[in-house]
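Reading the structure
Each chain, letter by letter, is given below.
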Amino acid sequence: GAVVSQHPSWVICKSGTSVKIECRSLDFQATTMFWYRQFPKQSLMLMATSNEGSKATYEQGVEKDKFLINHASLTLSTLTVTSAHPEDSSFYICSARDGRESTDTQYFGPGTRLTVL
Amino acid sequence: QQPVQSPQAVILREGEDAVINCSSSKALYSVHWYRQKHGEAPVFLMILLKGGEQKGHDKISASFNEKKQQSSLYLTASQLSYSGTYFCGTERYQGAQKLVFGQGTRLTINP
């Protein structure tokens, strides 16, 4: 099956620092990856759509300069939270679309819990 | 634009059945169902395409009523492992790429 990994699983950092989260599709090539943020007991909120080799498409209200997304290859996308602040603390989840499937199913990574002190 | 799920929460005893609905005010191309356990990422359950699809796996099935723009997820003879929050994600048209998720339905199965 389609497997997506994320690294790290959790990270605690000080306010003002930058944090990078990696998302990898392990057994398939993902031309499109998605980044979500989820606050406790809330739904998945799409932050941006990441296409390999091109600039990410950000959802309304998401700061492009704060959440840097790089989709360097067909199996790797990274999210960098720059100058993190406590309000950025959240569960960040990536998903990858398996283009082999005609239905374009999205498979989610295990998520990264970010805590900013 | 966010689909509406109902109910918001449901508590069952093991072996009972549950139905979770997902409704949209806009025409849809597909509905994707996921289950998420606390602290974990959502796990894909199934996808339904417009055209009135119905499908199932084991004791979990789903349908998509294109006219009503509503999808229902059916959990039959629920097991403890079915506990979690269920999300529907909707795709407005083929190639839309992104999914818009409902607010979730929290399902608790008690012994």
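Higher on the page you've got the structure.
Residues numbered from 1 in each chain as written. Chains lettered and ligands numbered in written order. Predicted model: local features only at pLDDT ≥ 70, side-chain atom pairs only at ≥ 80, totals over all residues. Heavy atoms only, no water.

Looking now at the state of the cysteines. All names here are of chain A. As enumerated under the stated definition, the model contains 2 disulfides over all chains in all. Covalent S-S linkage joins cysteine 23 and cysteine 94, the inter-sulfur distance amounting to 2.0 Å. What sets the handedness of the cysteine 23 and cysteine 94 disulfide is the S-S torsion sign, and at about 80 degrees it is right-handed. Here cysteine 23 is found in strand E3 (residues 19–25), whereas its partner cysteine 94 is found in strand E9 (residues 90–97), with 71 residues between them in sequence. Overall, cysteine 23 belongs to the buried group, its relative accessible area being 0%. (Disulfide = S-S within 2.5 Å. Helix = DSSP H or I, 4+ residues; strand = E, 2+ residues; numbered from the N terminus. Buried < 20%, exposed > 50% of the residue type's maximum accessible area, 1.4 Å probe, protein only.)

This part covers the pattern of salt bridges. Charged atoms that come close allow side chains of opposite charge to pair. According to the stated counting rule, one finds 4 salt bridges over all chains in the structure shown. Between glutamate 59 of chain A and lysine 98 of chain B there is a salt bridge whose closest N-O contact spans 2.9 Å. Remark: lysine 98 of chain B occurs in the loop between strand E9 (84–91) and strand E10 (100–101) and glutamate 59 of chain A occurs in the loop between strand E6 (57–58) and strand E7 (67–73); the pair is interchain, linking two chains. The exposure class of lysine 98 of chain B is partly exposed, given its relative accessible area of 29%. (Salt bridge = Lys/Arg side-chain N within 4 Å of Asp/Glu carboxyl O.)

With that out of the way, let us pick up a nonpolar patch on the surface. Residues and elements named next belong to chain A. A cluster of nonpolar side chains, namely Trp10, Ile12 and Leu117, defines an oily patch on the protein surface of about 390 Å² accessible area. Examined against the element boundaries, leucine 117 turns out to sit in the segment after strand E11 (112–116). Given the relative accessible area of 61%, leucine 117 is considered exposed. (Patch = residues over 30% accessible without salt bridge, like charges linked within 9 Å, V, L, I, M, F, W, Y side chains within 5 Å. Areas by Shrake-Rupley, 256 points an atom, 1.4 Å probe, with all protein chains shown as cover.)

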